[in-house]
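Here's the letter readout for the chains.
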Amino acid sequence: MNQDSLSKNTSKTFLKGAMIMTVSMVVVKLLGMFYKIFLYRMFATYDDIAGFSMSSVGNGLLSNAYEVYTPLFALATAGFPIAVSRLIAESIAQKRYRDVEVIYKTSKKFFIAMGAVCFALMIGVSFLYVQMISQPLSIYAMMTLAPSVFIGCLVSIYRGYFEGQRNMFPSAASEVIEMLVKVISGLLMGWLVMKFGMDELQASGTVFGMSFDSMTIAMQTLLAYSVAAAIAGIALGSLFAFLFLRIYYARHKFSVPDEMMRDSIDARTQSETFKILIKTAIPIIISAFIVNVSTTIDSVVIQNVLRNTAQYNPEGLIAQFDPRYAETIRSMVYPSAGEEVSIHTSLWGCFAAALPLLQLVTTVTQVFGTSALPNVTTAYTSGDKKELKTSMETVIKLTMMFVFPMGLSMFALARPIITLLYGGGFEGDVETSILRIMGFSCIAVAASTPVMSMLQSLGKMTIPLILSCISMVIKIATNYLFVSMVELNVTGAAIGTLVSFTFVFIVGMYLLIKHAKVRPDFINTMLKPLISAVICAATAFGVYMLCNHFLGGIRGGFLISLVAAIIIAVIVYIVALMLIKTFRKEELLMLPKGNNIVTILAKLHLLR
């Protein structure tokens with residue numbers, strides 16, 4: 001490697017890396033959704049035998065396992081890989097080539113130690129957590145997930161190392177490998193445990209040699225074992241990702257010609273390197289930990305409020321659901337002697353089932369925020385107000401053009417989407433009501449991400465942290481308030497998300513304008529995409545209802561109606577954007593075949 005190759009086509013390297021990471025993130029999210037949907041559908045096949053909602057309770061147990069894992073994983077890995085990446089990139093740019101190996105060795109020691117500590121914390125905190133949510137069956141999945149914290153730290157060593165060299169391929173490939181192994185092995189192991197457990201239960205009344213006082217307790221225990229087996233795929237996936245990165249490192253270890261290494265500045269000591277890494281990582285770690293621990297607190301608050309509602313107003317809670325499912329709901333609200341109350345876990349599982357759709361939208365807008373950083377930073381630093389305004393407007397417009405139609409269409413098509421992914425039953429009713437609110441929530445969540453990134457690019461690093469803290473308090477308070485209302489129950493959690501992130505977006509946008517001293521054109525960046533998105537969502541709903549009226553009775557008619565609604569809505573949305581002249585000529589020229597597009601739209605007088 002020579003200096004020319006290190007500095008050549010930096011912007012192209014950045015864009016290529018961003019594109020690789022975007023594709024890998026979307027693939028990983030889609031695989032993750034498939035994993036959860038398949039498990040949900042598999043458990044649902046045993047609902048009639050169990051006498052309670054195996055699908056939603058199983059999904060609740062699965063979600064609970066992540067509630068302790070996620071903040072601990074963020075604590076161990078959120079900031080340090082970024083700090084490693086930044087310091088390696090800086091060292092290479094400054095021709096401090098000897099530092100690269102020191103950074104690697106220092107980070108390896110840190111991650112091994114941090115992984116061991118967080119693994120121990122996961123074991124200890126899990127026992128406390130299951131008591132707090134009154135669901136002891138979650139402990140099996142949590143114990144199975146614990147090794148993933150340690151292995152994930154080992155993986156982070158190499159991801160930060162290669163990202164610092166602007167090589168995004170190892171991180172992207174390892175993430176896809178990790179998820180593929182998780183999905184294939186996890187689903188297989190979960191299915192095998194469920195199959196052999198059910199065969200034994202029906203043959204001898206035992207589950208893996210253990211006897212139980214009732215069929216319900218036996219089924220609940222078997223369900224917990226199956227979820228734990230499915231989650232074991234995560235640890236296995238992390239292990240395969242680590243092995244891939246370790247082999248890749250052995251073959252692509254950083255190196256420069258001997259003469260460049262001889263001219264390199266003497267390396268820092270490991271102690272000096274560690275201090276620099278910690279100083280960089282701490283703000284990122286704190287911010288990520290706060291965001292993730294807030295979801296853990298949320299889960300405790302929501303599940304406890306739901307359990308208290310079931311205890312003090314059981315008939316009021318039962319009355320909120322379709323009478324056809326009263327017997328299933330009643331069995332989870334009024335358990336027999338020795339059985340666990342499971343209605344709170346079931347409703348939490350319904351919330352967790354709808355959540356991946358929101359997360360899929362926010363995954364894409366994270367990339368918009370990442371892409372905004374260099375342009376906004378450069379324009380702000382140089383004092384070029386015109387370029388700063390253009391950069392901010394481009395990011396805001398791209399974000400709104402994506403989140404408005406996705407969120408509003410999610411609201412309009414909530415019922416057919418949930419039916420397609422998870423099926424019907426009372427769970428489908430609950431998930432539909434949650435997804436309708438999440439359609440608006442995802443707009444607020446996804447739109448706030450690039451705004452926070454642009455604030456960071458202005459050097460206002462503490463503002464996103466402060467807003468995250470305030471948002472966490474608002475979210476917990478509003479969740480408690482709305483979930484306590486028996487008419488809303490778990491749907492109230494989606495409203496809490498909407499309120500808290502709407503606050504983040506509005507205040508964040510205000511502070512962005514204040515500190516940038518630039519006011520974006522809200523008509524073209526927000527109002528026009530919103531108008532087009534409303535037309536898009538209305539079209540999607542109307543086309544679905546019309547097609548389903550005529551095709552709903554035939555096999556596959558429901559799916560044909562949904563696909564037709566989506567395709568026609570997308571076409572209408574694009575036409576609406578063009579008719580109200582949302583795009584500038586300069587923006588379209590950046591697209592593939594941009595010249596041809598501009599020529600056609602200019603002839604039709606559809607350009608500003």
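Given the structure is predicted, the values throughout are model-derived calculations rather than measurements.

Now for the overall build of the chain. Each helix and strand in the chain was counted, giving 24 helices and two strands. Classification of the 608 residues of the chain by burial places 53% in the buried group. Residue pairs in contact within the chain that sit at least 24 positions apart in sequence constitute 82% of those at least 6 positions apart.

On to the pattern of salt bridges, then. Applying the stated criterion across every chain, the model contains eight salt bridges. The partner of Lys195 in a salt bridge is Asp199, with the nearest N and O atoms 3.2 Å apart. On the criterion of helical spacing, the pair formed by Lys195 and Asp199 is a turn pair, its members being four residues apart in helix H9 (residues 169-204). On the basis of relative accessible area, Lys195 is assigned to the partly exposed category, the value being 32%. On the basis of relative accessible area, Asp199 is assigned to the partly exposed category, the value being 37%.

The next thing to look at is the packing of helix H17 (residues 414-422) against helix H18 (residues 425-457). It is the contact of H17 with H18, at a shortest axis distance of 9 Å, that shows an interaxial angle of 130 degrees. With respect to their mutual orientation, H17 and H18 come out oblique. Here the hand of the crossing between H17 and H18 comes out right-handed. Of the residues in H18, those touching H17 at Ala414, Arg415, Ile417, Ile418 and Tyr422 are Gly428, Asp429, Glu431, Thr432, Leu435 and Arg436. The residue inventory of the contact of H17 with H18, partitioned by class, reads five nonpolar, two polar and four charged.

Met54, Met122, Ile231, Ile343 and Ile434 are the most contacted members of the largest nonpolar core, which has 171 residues in total. If one sorts the elements of this core by residue count, helix H10 (residues 215-251) sits on top with 16 residues. For Met54, the contacting residues outside a window of four places in its chain are Phe43, Tyr46, Asp47, Met194, Met219 and Leu223.

This brings us to the confidence of the model for the chain. Mean pLDDT over the chain: 86, with 90% of residues reaching 70 or higher. Mean pLDDT values for the elements of the chain range from 41 in helix H1 (residues 3-7) up to 96 in helix H7 (residues 139-145). A low-confidence stretch, residues 1-12 (pLDDT under 50), is modelled with 18 contacts involving residues beyond four sequence positions or located in other chains.

Counted according to the given criterion, the structure contains 21 aromatic pairs. Both rings, one in Phe321 and one in Phe426, keep their centres 5.8 Å apart while their planes meet at 80 degrees; by these two values the pair is edge-to-face. Of the two residues, Phe321 sits in the loop between helix H13 (314-318) and helix H14 (326-333) while Phe426 sits in helix H18, which places them 105 residues apart along the sequence. The two residues Phe321 and Phe426 agree in class, both being buried. Aromatic ring contacts, followed pair by pair, group Tyr104, Tyr158, Tyr161, Phe162, Phe169, Phe242, Phe244, Tyr248 and Tyr249 into a single cluster. The ring of Tyr66 has Lys36 lying over it, and the distance from NZ or CZ to the ring centre is 5.8 Å. Stacked on the ring of Tyr35, the Lys or Arg Lys182 has its end atom at 4.5 Å from the ring centre.

What follows is about the environment of Ala354. Tracing the chain through its elements places Ala354 in helix H15 (residues 343-382). The class of Ala354 is buried, set by a relative accessible area of 0%. For the pair Ala354 and Leu421, spaced 67 residues apart in the sequence, the C-alpha separation amounts to 9.8 Å. With sequence-adjacent residues up to four places away left out, Ala354 is seen in contact with Glu431, Ile434, Leu435 and Met438.

On the surface, Leu420, Leu559, Val563, Ile567, Ile571, Val575 and Leu579 cluster together into a nonpolar patch covering about 600 Å² of accessible area. Counting through the fold element by element, Ile571 comes out in helix H22 (residues 557-579).

Packing of H9 against H10 brings their axes to within 6 Å, and their N-to-C directions diverge by 155 degrees. One way to sum up the angle between H9 and H10 is to call them roughly antiparallel. Considering the relative orientation of H9 and H10, their crossing is right-handed. Of the residues belonging to the contact of H9 with H10, the class tally is 25 nonpolar, nine polar and two charged.

Rules and cut-offs
Residues numbered from 1 in each chain as written. Predicted model: local features only at pLDDT ≥ 70, side-chain atom pairs only at ≥ 80, totals over all residues. Heavy atoms only, no water. Helix = DSSP H or I, 4+ residues; strand = E, 2+ residues; numbered from the N terminus. Buried < 20%, exposed > 50% of the residue type's maximum accessible area, 1.4 Å probe, protein only. Contact = heavy atoms within 4.5 Å. Salt bridge = Lys/Arg side-chain N within 4 Å of Asp/Glu carboxyl O. Axes fitted to C-alpha atoms, helices over the stretch in contact; angles between N-to-C directions. Parallel < 35°, antiparallel > 145°, perpendicular 65-115°, else oblique. Left-handed = near helix turned anticlockwise from the far one by under 90°. Nonpolar A, V, L, I, M, F, W, Y, C, P; charged D, E, K, R; others polar. Core = buried A, V, L, I, M, F, W, Y, C linked by side-chain atoms within 4.5 Å. pLDDT = per-residue confidence, 0-100. Phe/Tyr/Trp six-rings, centres within 6.5 Å; stacked < 30°, edge-to-face > 60°. Lys NZ or Arg CZ within 6 Å of the ring centre and 35° of its normal. Patch = residues over 30% accessible without salt bridge, like charges linked within 9 Å, V, L, I, M, F, W, Y side chains within 5 Å. Areas by Shrake-Rupley, 256 points an atom, 1.4 Å probe, with all protein chains shown as cover.

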